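Below are the chains, spelled out letter by letter.
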Amino acid sequence: MKTSMTTRTRFAPSPTGYLHIGGARTALFNWLFARHSRGIFILRIEDTDRERSRREYEREIMDDLKWLGMDWDEGPDVGGPNGPYRQSERMDIYTGYSERLLKEGRAYHCYCTRQRLEGLRRSQIERGIPPRYDGRCRDLRDRTGRNGEYTIRFRVPEGVLEFRDLVHGTVRFDTRDIGDFIIVTSTGIPTYNLAVVVDDALMEISHVIRGDDHLSNTPKQILLFNALGLKVPEYAHIPLVVSGDTVPLAKRRGDFTVRAFRERGFLPEALVNSMARLGWSPGEGLLGMEELVSRFRIEDLSRSPSVYDPSMLERFNRMAIRNSSAERLLGLVNIPSKERFSREWLKDVVELVRENGVTLRDIEGFVLPFVEDDIRIAEDGRAILHEPASMEVIEALKEEIKKVSELNEYTFDGIIDNLKKRLGLSGRRLFLPMRVALTGRTEGVELRGVFLLLGRERILERLGKVRESLKGEPSTEGR
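For the structure given in this document, a descriptive report is provided here. Keep in mind it's a predicted model, so treat the numbers as computed, not measured.

### Here we look at the overall build of the chain
Working step 1: A count of helices and strands for the chain gives 19 helices and 11 strands.
Working step 2: Compactness check: the chain gives a C-alpha radius of gyration of 32 Å against a globular reference of 23 Å for 479 residues, more than 25% above the reference.
Working step 3: For the chain, the C-alpha atoms occupy an extent of roughly 105 × 50 × 40 Å along the three principal directions.
Working step 4: The 479 residues of the chain split such that 51% are buried.
Working step 5: Restricting the contact set of the chain to residue pairs at least 6 apart, pairs at least 24 apart contribute 74%.

### Describing the pattern of salt bridges
Working step 1: A complete count under the given rule lists 46 salt bridges for this structure.
Working step 2: The shortest N-O distance in the salt bridge between Glu58 and Arg86 comes to 2.8 Å. On the criterion of sequence distance, the pair formed by Glu58 in helix H2 (residues 55-68) and Arg86 in the loop between H2 and helix H3 (91-103) is long-range, its members being 28 residues apart.
Working step 3: By relative accessible area, which is 4% here, Glu58 ends up buried.
Working step 4: Relative accessible area serves as the criterion here: at 13%, Arg86 is assigned to the buried category.

### As for the nonpolar core
Working step 1: If you look at the biggest cluster of nonpolar residues, it comprises 104 residues, and the most contacted ones within it are Phe29, Leu32, Leu65, Val353, Phe370, Met434 and Phe451.
Working step 2: A total of 9 residues in this core trace back to one element, the largest contributor, which is helix H1 (residues 21-36).
Working step 3: Excluding residues that lie within four positions of it along the chain, Val353 makes contacts with Ile363, Phe366, Val367, Phe370 and Val445.

### Some words on helix H16 (residues 409-423)
Working step 1: Here H16 spans 21 Å end to end across 15 residues, near enough to the 21 Å set by a 1.5 Å rise per residue.
Working step 2: Residues of H16 that are buried: Thr411, Phe412, Ile415, Ile416, Leu419 and Leu423. Taken end-on, H16 shows its buried residues confined to a sector of 135°, consistent with a single buried face. With respect to the buried face of H16, the exposed residues turned more than 90 degrees away are Tyr410 and Lys421.
Working step 3: Summarising the contacts, the buried residues of H16 are in contact with helix H15 (390-402), helix H17 (427-439) and helix H18 (447-454).
Working step 4: Capping the start of H16, Asn408 holds a side-chain oxygen 3.0 Å from the backbone nitrogen of Tyr410, two or three residues further along.

### A closer look at the sheet that holds strand E4 (residues 151-154)
Working step 1: With antiparallel pairing, the 3 strands of this open sheet are ordered in space as E3-E4-E7. Strands at the two margins of the open sheet, each flanked by one partner only, are strand E3 (107-110) and strand E7 (182-184). Each adjacent strand pair in this sheet contributes to an overall mean axis angle of 45°, direction not counted.
Working step 2: Pairing analysis gives 4 bridges linking E3 to E4, with the strands arranged antiparallel. Following the sheet pairing, Cys110 is matched in E4 by Thr151.
Working step 3: The sheet contacts of H3 involve E3, E4 and E7, and relative to E3 the element is tilted by about 95°.

What counts, and at which threshold
Residues numbered from 1 in each chain as written. Predicted model: local features only at pLDDT ≥ 70, side-chain atom pairs only at ≥ 80, totals over all residues. Heavy atoms only, no water. Helix = DSSP H or I, 4+ residues; strand = E, 2+ residues; numbered from the N terminus. Rg over C-alpha atoms; globule rule 2.2 N^0.38 Å. Buried < 20%, exposed > 50% of the residue type's maximum accessible area, 1.4 Å probe, protein only. Contact = heavy atoms within 4.5 Å. Salt bridge = Lys/Arg side-chain N within 4 Å of Asp/Glu carboxyl O. Core = buried A, V, L, I, M, F, W, Y, C linked by side-chain atoms within 4.5 Å. Expected span 1.5 Å × (residues − 1). Arc of directions from axis to C-beta. Polar contact = N/O pair within 3.5 Å; in protein donor to acceptor, adjacent residues only side chain to side chain. Pairing = 2+ DSSP bridges. Axes fitted to C-alpha atoms, helices over the stretch in contact; angles between N-to-C directions.

Right, here's the structure in full:
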């Protein structure tokens, strides 16, 4: 196998579900390191779990990575010199290496039944001993009657294994605590540890950046690298992402997948920036991919658990929305009956409401009152309209608007001044009934913008429907 001085990293997801934020953070750090080093980033699909692996999940993972702004130089869809890039297509390769280990006496067949192994594990736990295989089949001589199912176990040598982790520093393991581990199951499928070692070696992976949950796998993998005479990559194990109560975010929680954040209306740059802060401090503000690439250093990664903070993502999304053009936002939001309105008018509406939205879904909600013919008045809004002075405000507003031929900045100011003098009202008692009547909401965008974008005729139409919509509902007057 040829060696390479080029930095080569990989992201190797299992297509058993949607891309989780923890996995996406791992992909991001590997991608940033590869791009910073002007190296190669590889996407490898670890789909040996035949029962749960799905091609649709694989496609979703790829789509999410592209949406986040990450590309790859080698992978199942783009090919490359070290393929195939799906583990399910590499079985013959793994078989060759497992047979080599057997031939050299570094691995052996194990005939222990599942029942025996489960009993052994329970017994060890009850005695306070770390569970590990007891080596019963390690030096088995008599194989009479043992032609049934078997696994292949790696023969772990005794000693202390030491390696340098780029995040944690020097790490030591006593191999007696590991025990001979399975590298091929009874169904002939290679286990994770064998497959990942063979793949990382043949794909010339120079650096493996992954979660702390893989730290216990590392000594097993290094032992396999050494037994096969393969070059060991450098490792960087990053702390897991935890919730506010320090509990690790469950991988299969659907609300922490990239797909879920997309559906909730978060922009990719906001999610990338929030993930980048999970164990790293690249600096203040919403940073672009090029800035993140230029600032990334493995030695700057934290050893402490990374706490997921929803408010940080929301803060970055506000920035992303603010930095986006109205043209871009208009293409991202779902607006019913969009074809009824001019694109320029819709862009003006989006421009008006963007400051009030945390997500794209929020923006869609604020746009609705501008495009719907019959607005939906919320419960708190109905309570406002039932207040004693509210209908008086609405009727007076109708009369003042009828006095002008068009609504503009000048006529709007004149209408408001006239209403204040005429009704002796100001603040909430004056403006809230108008807002509810025109938008159905008690809060939202600047009222001046609502007037100018709705226009004279549509406002008069809405004001005329208000009293009709409240018929049969009890008034708060006299309460």
